Amino acid sequence: MTLTAKDVAEIMRLLEQSSFDNLSLEIDGVKLNLQRGSAVPVRQPAAPAPPAESQPQSVRSVAPKAKPPSEPGLAEVASPLLGIFYRAPKPGEPPFVELGSKVEEDTVIGIIEVMKLMNSVRAGVKGEVVEILAENAALVEYDEILLRLRPGT
Amino acid sequence: MAISRILIANRGEIALRVIRTCKALAIESVLAASKADMDSLPARLADRTVCIGPARPADSYLRVDTIVQAALGVKADALHPGYGFLSERPALARLCEQEGVIFIGPTAAQIEAVGDKLCARTEAEAAGVPTAPGGPVETVGEAMMLGREIGPPFLIKAVGGGGGRGMKRVDRLEDLPSAMELAGAEAGSAFGDARVYLERFVERGRHVEVQILGDGNGRVVHLGERDCSVQRRYQKLIEETPAPGLSADFRARIHAAALQFAERLSYRSAGTVEFLVDLERNAFYFLEMNARIQVEHPVTEVVTGINLVAEQIAIADGRGLRLKQDDVKREGCAIECRINAEDPARDFCPSPGTVRTAVWPSGEGVRVDTHIASGSRIPPYYDSLMAKIIVRAPDRPIAIERMRHALAATHIDGIATNLAFHADVLADPEFQAGGVDTSYLPHFLERRRLVQEVRAHG
């Protein structure tokens, strides 16, 4: 099966009509990535995470299941992967961040283990840690809020 | 040991179907869902749902490490892979085996053995199961030699293919060399395995498959056959059991062949052995084995009264085969229609979107397996199967009648579906006569298109 220009036009039309902002398609080795134009305000796309590499986190405003923020205007650091969350580099060592810690965009705030592969999670925004939601050594889901920051400062 | 918590590594109707059986067995179900499926019916009905990644299957449903991590993280004893996605990837079964998570399915080695089509063909021959005339060919010279022996038309098949993928039809012997080279190159890039084999192409064939259950220690039972000849581009649309018009002797031979094949592998769990029935030669040939629960398994369930997923779980739990061959009684006829979110008027183009209203049929002998209700979203990332409508009746004419009523009672708004198309097939005298071959649907579509054109201009 191959994709013709007509197929691509059809797929673009479908995407346009759908409630989605981007579409990735792979048919017999042909990859197609489509993204809606910036006319529609979109939340930062959740980056498909290369597993063994650390990367900054997208910051988002709405999260399911999380307890409500203690104050307005907080930025959230969401988990890029499902895995086991560790607050410290090794057992017994101090955590990467504590309540009140000042972080930069690339400050590591924790590690997520996926089948013995360690992935570091970065803050993504500059600010002060005001809430830590994820428990040490517990399972976190994809997109689960790990902690909240007061941006700036 | 007893399985008490199952991670379901799938989505859609099959996820819901497994969740329902878990509930019936008082087993906790944990659904591993992508971000796009977090508000789906299965996600709401599972005891727990964990989000494994973004919508894109490559970042969620196809991630072996994430799926197994999820199973370990929620402390599931077992994992049900459903169909599609990772269900027939040896890597998932193997990682489960290594990590002590029970894989509800065959062993990794069995998945590997039947996934390699040439290996499966060799196993079939060794088990005394008929295969289509042909064999492996490495060079153009070999292909020509074998081609001369078996005669055209031919089918060049990729060893790593299956389910209609990686096949090339060649009508003339002189076209074999160029087709061989092309097929090898295509197979190499599509499956990472350039090996191909040559078979005689069966012009008029029916797709008949046999459902089996094995305990993994060499004991296997069959649950009868299904006819899945109503296909479009190798996608099955209507399945039924029993296969119409087969003699008792032919039926017994095809069942026996499936058992021989599965016994040879000491197959574990539910599986399907697929055959091509050659109408012109009154023969059948082994096609492939599907090492998973199949989409069309409910037609077998409704005529046997056996819950295949419950049996899969029992076998995985070490309780073995709970049935003897004599316990398997098949009563009546069953038909399944696959309702897809796709538009037959636009070459079956997928039509994802939000389902405004969904009204499904009910009544005597009607079963609907679906994850779609009013307000459900059909994401564009996955296949377009919305529902399976299954009917059971004492005989085939009544089953067809019941299905026509069931289809008429179904109402879907908001997206295009193939409902009307199914109704047309069921009203077609050729389908009603029974025993159509795999060329039926393409011809039917052509006829239907012509009729519609005449109507439009008339």
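All of these numbers come straight from a predicted model, not from anything done at the bench. (Residues numbered from 1 in each chain as written. Chains lettered and ligands numbered in written order. Predicted model: local features only at pLDDT ≥ 70, side-chain atom pairs only at ≥ 80, totals over all residues.)

Chemist: Explain the pairing of strand β22 (residues 385–393) of chain B here, please?
Modeler: Looking along a regular strand, one sees side chains alternate from face to face of the sheet. All names here are of chain B. Burial of β22 is extensive: 9 of the 9 residues sit out of reach of the surface. Direction of pairing for strand β15 (residues 333–340) relative to β22: antiparallel, over a ladder of 8 bridges. Across the sheet, R338 pairs through a bridge with K388, a residue of β22. Summarising the sheet, strand β20 (residues 366–370) and β22 pair through 5 bridges and their orientation is antiparallel. Following the sheet pairing, D369 is matched in β22 by K388. (Buried ≥ 20, exposed ≤ 12 C-beta atoms within 10 Å, placed from the backbone. Helix = DSSP H or I, 4+ residues; strand = E, 2+ residues; numbered from the N terminus. Pairing = 2+ DSSP bridges.)

Chemist: So what exactly am I meant to see when it comes to helix α9 (residues 248–265) of chain B here?
Modeler: Along an α-helix, a turn takes 3.6 residues, which lines up residues three or four apart on a common side. Residue and element names in this part refer to chain B. Taking 1.5 Å of rise per residue, 18 residues should cover 26 Å, and α9 covers 26 Å from first to last C-alpha, within 8% of that figure. Tucked into the core, α9 has its buried residues touching α5 (108–115), α6 (117–126), β10 (205–215), β11 (220–232), β13 (268–278) and β14 (283–290). Positive backbone phi, approximately 50°, marks S266, located one or two places after α9. (Expected span 1.5 Å × (residues − 1). Contact = placed C-beta atoms within 7 Å.)

Chemist: Sorry if this is basic, but what is going on with the packing of helix α7 (residues 140–150) of chain B against helix α8 (residues 176–191) of chain B here?
Modeler: How two helices pack is summed up by the angle between their axes together with the distance between the axes. Residue and element names in this part refer to chain B. At a minimum axis separation of 9 Å, α7 and α8 run at an interaxial angle of 125°. Between α7 and α8, the angle is such that the two are oblique. Two packed elements cross with a definite hand, and for α7 against α8 that hand is right-handed. Of the residues in α8, those touching α7 at V140, A143, M144 and G147 are L176, P177 and M180. Its residues assigned to classes, the contact of α7 with α8 shows 6 nonpolar, 1 polar and no charged. (Axes fitted to C-alpha atoms, helices over the stretch in contact; angles between N-to-C directions. Parallel < 35°, antiparallel > 145°, perpendicular 65-115°, else oblique. Left-handed = near helix turned anticlockwise from the far one by under 90°. Nonpolar A, V, L, I, M, F, W, Y, C, P; charged D, E, K, R; others polar.)

Chemist: Is there a simple way to explain the confidence of the model for chain B in this structure?
Modeler: As a note on interpretation, predicted positions should not be read in detail where pLDDT is low. Overall, the predicted model of chain B reaches an average pLDDT of 95, with 99% of residues at or above 70. For this predicted complex, the interface confidence reaches an ipTM of 0.87, while the overall pTM sits at 0.87. (pLDDT = per-residue confidence, 0-100.)

Chemist: Teacher, can you tell me more about the pairing of strand β2 (residues 28–34) of chain B here?
Modeler: Residue and element names in this part refer to chain B. Burial within β2 is extensive, with 6 of its 7 residues counted as buried. Sheet topology places strand β1 (residues 5–8) next to β2; 4 bridges connect them, and they run parallel. Directly across from I6, in β2, lies its bridge partner S29. One crossover worth recording links β1 to the parallel β2 by way of helix α1 (residues 12–24), and it is right-handed. Across 5 bridges, the pairing between β2 and strand β3 (residues 48–53) is parallel. Looking across to β3, one finds that A33 is bridged to C51. (Right-handed = clockwise from strand over helix to strand, strands pointing away.)

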